[in-house]
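# A structural walkthrough
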Amino acid sequence: RYEEKEFVATGSGSLHAGTVIKVGWRSDLDRDSALRLAVRALWEAADADSATGGPDVLRGIYPVVATITSLGWNRVDDSELAEMVDAVVGEQRARIGAPRP
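Quick caveat: nothing in here was measured; it's all calculated off a predicted structure.

With that settled, consider the layout of surface pockets. Its volume calculated, the largest pocket comes out at about 960 Å³. Taken together, 30 residues make up the lining of the largest pocket; nearest its centre are Phe 7, Val 8, Ile 21, Ala 38 and Ala 66. At the level of secondary structure, the elements contributing two or more residues to the lining of the largest pocket comprise helix H1 (14-24), helix H2 (31-48) and strand E1 (66-69). In terms of residue count, the dominant contributor to the lining of the largest pocket is H2 (eight residues). In terms of residue class, the lining of the largest pocket is made up of 19 nonpolar, eight polar and three charged.

See the structure below:
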């Protein structure tokens, strides 16, 4: 448990993921904003660290992402993650000037 922190990242890509979360974290994030931040953090970690597996859009394989509230643990559906990953990919393409397929 990491009671002294609002968030934590572990693993070989945690430096990259943790940095993204640190920059984007606010205590008042709503569910969608928090999920988008998590997806962005996973994307950046996978992009910068060869041992971190990221989403595989071609095969429709996404990381397990869940929300935890007073109502319990709930896995986020892959279809919802796919939309968020598509948005991240679009942002990346725009950043590097690559055309959309």
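Next, the rest of the story.
For the rest of this paragraph, the subject is the packing of H2 against helix H3 (residues 78-96). One way to put it is that H2 packs onto H3 with a least axis distance of 10 Å and a crossing angle of 60 degrees. With respect to their mutual orientation, H2 and H3 come out oblique. When you trace H2 past H3, the crossing you get is right-handed. In this structure, H2 contributes Arg 31, Asp 32, Leu 35, Arg 36, Val 39, Arg 40, Trp 43 and Glu 44 to the contact, and H3 contributes Glu 80, Leu 81, Met 84, Val 85, Val 88, Val 89, Glu 91, Gln 92 and Arg 95.

Here we come to H3. Here H3 spans 26 Å end to end across 19 residues, near enough to the 27 Å set by a 1.5 Å rise per residue. Every buried residue belonging to H3 is among Leu 81, Ala 82, Met 84, Val 85, Val 88, Val 89, Gly 90 and Gln 92, and all of these are buried. Among the structural elements, H2 are those in contact with the buried residues of H3.

Next up on the list: the pairing of strand E2 (residues 72-75). As defined by bridge partners, E1 adjoins E2 across four bridges and the pair is classed as antiparallel. The residue bridging Ile 68 from the neighbouring strand is Trp 73, located in E2. Where E1 folds back onto E2 in an antiparallel hairpin, the turn is made up of two residues.

What follows is about the nonpolar core. The nonpolar side chains of a soluble globular protein tend to be buried with one another. Within the largest apolar cluster, twelve residues are counted, these being Leu 35, Val 39, Trp 43, Tyr 62, Val 65, Val 76, Leu 81, Ala 82, Met 84, Val 85, Val 88 and Val 89. When contributions to this core are tallied by element, the ones reaching two or more residues are H2 and H3. Ranked by residue count, the leading element in this core is H3, at six residues.

Rules used throughout
- Residues numbered from 1 in each chain as written.
- Predicted model: local features only at pLDDT ≥ 70, side-chain atom pairs only at ≥ 80, totals over all residues.
- Heavy atoms only, no water.
- 1 Å grid on protein atoms, 1.4 Å probe; cavity = no way out; pocket = protein on both sides within 12 Å on 5 of 7 lines; lining within 4 Å.
- Points joined across faces, edges and corners; volume = space filled by probe spheres on them.
- Helix = DSSP H or I, 4+ residues; strand = E, 2+ residues; numbered from the N terminus.
- Nonpolar A, V, L, I, M, F, W, Y, C, P; charged D, E, K, R; others polar.
- Axes fitted to C-alpha atoms, helices over the stretch in contact; angles between N-to-C directions.
- Parallel < 35°, antiparallel > 145°, perpendicular 65-115°, else oblique.
- Left-handed = near helix turned anticlockwise from the far one by under 90°.
- Contact = heavy atoms within 4.5 Å.
- Expected span 1.5 Å × (residues − 1).
- Buried < 20%, exposed > 50% of the residue type's maximum accessible area, 1.4 Å probe, protein only.
- Pairing = 2+ DSSP bridges.
- Core = buried A, V, L, I, M, F, W, Y, C linked by side-chain atoms within 4.5 Å.

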